[in-house]
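Close look at the chain arrangement
One-letter residues, chain by chain:
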Amino acid sequence: MRGVLAVAGVRLAAELARDPTPGERASAAAREVARRYETWPAGRVFPAGVRYTVDQGSSETARRVGIGTDTRCETAVDASLARSLTARGCRAVLRATYLDQPQGLAVTVGVVVLPGEAAARSVLPWFGTRAGRPGLRALPFPGSVAARFGDAARQASAVAQRGPYVVAATVGYADGRPTLRTRQQQPDLGALGPQLAGGVLRALTAPAPVRCGEREWSC
């Protein structure tokens, strides 16, 4: 019996001392990314400024107006989409609103958190990519330039997905004017949403060096 225990002890010590396998490191990295919506400060999920390119090719910065405090899935999206998200295990929807550099356009960006990549991919078809389709609700902020940016002012939308996250954007005029026909819209209106959604998603899912043994990592 002592011999068996000694062998088991040696094997356990070797297991604890060995380096993590590539598969274990990949799993640890995926878990760290999936927890960022909880572990990162809201100002890191939604940076104060997001760069984008306008129709003429020059670069500008959209500035954050505010970050919402209500993260419930059912209040962040249109009712028909809320049912789909709930059925697929939606955990939270984080929202923030930005203004383009001239402050004429408002963009609400939402980070939809699903249980995994398969669930995230399955909800993509439910997000409309143009006005009048189910999607992310606008988030106005009283006392700001975007105070009148409500759901009726939504003009265009965008959606992107990576890992367990779906990042959506809804775009409209900051003064709250209702939906306009496409030929009456500003040229940059349709391009702004995809760029802001993509910028938030890239930062949120960017791989980080795996540091097995540190408290926030599980390898």
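One can find the structure itself at the top, above this paragraph.
Below is a short write-up of the structure.

A closer look at the pairing of strand 2 (residues 59-67)
For a regular strand, the rule is simple: side chains alternate between the two faces of the sheet. Where strand 1 (residues 49-53) and strand 2 come together, five bridges link them in antiparallel fashion. By the bridge assignment, Arg 51 is partnered in strand 2 with Thr 61.

A few points about the sheet that holds strand 5 (residues 154-162)
Strand order in the open sheet made by the six strands is 1-2-3-4-6-5, with antiparallel pairing throughout. In this open sheet, the two edge strands, each paired with only one partner strand, are strand 1 and strand 5. Averaged over neighbouring strand pairs, the angle between their axes works out to 30° when direction is ignored. Examined bridge by bridge, strand 5 and strand 6 (residues 165-173) share eight bridges and lie antiparallel to one another. Following the sheet pairing, Ala 156 is matched in strand 6 by Val 171. Contacts between helix 8 (residues 189-205) and the sheet are confined to strand 1, strand 2, strand 3 (92-99), strand 4 (105-113), strand 5 and strand 6, with strand 6 contributing the most and set at about 150° to the helix.

Overview of unusual backbone geometry
Where the residue is not glycine, phi is negative for most of them; where a peptide bond is considered, it is trans in most cases. Even without a glycine there, the phi angle at Gln 103 is positive, about 65°. Among the structural elements, Gln 103 can be located in the loop between strand 3 and strand 4.

What to know about the nonpolar core
Among the nonpolar cores identified, the biggest contains 31 residues, and Phe 46, Tyr 98, Val 109, Val 111, Tyr 165 and Leu 196 are the most heavily contacted of them. Breaking this core down by element, the ones donating at least two residues are strand 1, strand 3, strand 4, strand 6 and helix 8. With seven residues, the top contributor of residues to this core is helix 8. If you look at the next biggest cluster of nonpolar residues, it comprises 17 residues, including Ala 76, Ala 119, Val 123 and Val 166.

What to know about the packing of aromatic side chains
Scanning the entire structure with this criterion turns up zero aromatic pairs. Here the basic side chain of Arg 44 rests over the ring of Trp 40, its NZ or CZ set 3.9 Å away from the ring centre. Here Arg 177 stacks its cationic end above the ring of Tyr 173, 4.2 Å away from the centre of that ring.

Concerning the environment of Ser 84
Structurally, Ser 84 is set in helix 6 (residues 79-87). For Ser 84, a relative accessible area of 4% puts it in the buried group. Here the alpha-carbon distance between Ser 84 and Trp 126, two residues 42 residues apart in the chain, equals 7.7 Å.

A short note on helix 6
Regarding helix 6, the residues found buried are Leu 81, Ala 82, Ser 84 and Leu 85. Each buried residue of helix 6 lies within a common arc of 165° when the element is viewed along its axis, so the set occupies one face. Every exposed residue of helix 6 that faces more than 90 degrees away from the buried side is listed here: Ala 79, Arg 83, Thr 86 and Ala 87.

So, the state of the cysteines
Scanning the entire structure with this criterion turns up one disulfide. Disulfide pairing places Cys 73 opposite Cys 90 at an S-S distance of 2.1 Å. For the disulfide bridge between Cys 73 and Cys 90, the dihedral angle about the S-S bond is near -85°, and by the sign convention the bridge is left-handed. Separated by 17 residues along the polypeptide, Cys 73 in helix 5 (residues 73-76) and Cys 90 in the loop between helix 6 and strand 3 bring together distant segments of the chain. Across this residue pair, the class does not change: Cys 73 and Cys 90 are buried.

Side note on the pattern of salt bridges
Evaluation of the coordinates by the stated rule reveals seven salt bridges. Between Glu 32 and Arg 36 there is a salt bridge, and its shortest N-O distance comes to 2.8 Å. Each member of the pair, Glu 32 together with Arg 36, is buried. Of the charged contacts in the structure, one is a salt bridge between Arg 121 and Glu 117, with a shortest N-O distance of 2.9 Å. With Arg 121 and Glu 117 both in helix 7 (residues 117-123) and four residues apart, the pair spans about one turn of that helix.

Rules behind the numbers
- Numbering of residues begins from 1 in every chain and follows the order in which that chain's sequence is written.
- Local features are withheld for residues below a pLDDT of 70 in this predicted model, meaning they are given only at 70 or higher, and side-chain atom pairs are given and counted only at 80 or more; totals for whole chains, interfaces and linings count all residues.
- Water and hydrogen atoms were dropped before computing side-chain values, which therefore reflect all heavy atoms in the structure.
- Only strands that DSSP links by at least two bridges are regarded as paired with each other.
- Helix and strand assignments come from DSSP, with helices taken as H or I runs of at least 4 residues and strands as E runs of at least 2, each series counted from the N terminus.
- All axes are obtained by fitting lines to C-alpha atoms, using only the stretch in contact for helices, and the reported angles, taken between N-to-C directions, cover 0 to 180 degrees.
- Residue contacts are counted whenever heavy atoms from the two residues lie within 4.5 Å of one another.
- Within this scheme, the nonpolar core is defined by two criteria: the residues are buried Ala, Val, Leu, Ile, Met, Phe, Trp, Tyr or Cys, and they are joined through side-chain atoms within 4.5 Å.
- Burial classes follow relative accessibility: with a 1.4 Å probe on protein chains only, a residue under 20% of its type's maximum area counts as buried, one over 50% as exposed, and anything between as partly exposed.
- Stacked, tilted and edge-to-face pairs are distinguished by plane angle, under 30 degrees for stacked and over 60 for edge-to-face with tilted covering the rest, among Phe, Tyr and Trp rings (Trp via its six-membered ring) whose centres lie within 6.5 Å.
- Any Lys NZ or Arg CZ that is within 6 Å of a ring centre and within 35 degrees of that ring's normal is treated as a charge sitting over the ring.
- The arc in question is the one traced by the directions running from the helix axis out to the C-beta atoms.
- Disulfides are defined as cysteine sulfur pairs within 2.5 Å.
- Between Lys or Arg on one side and Asp or Glu on the other, a salt bridge is scored when a side-chain nitrogen of the former is within 4 Å of a carboxyl oxygen of the latter.

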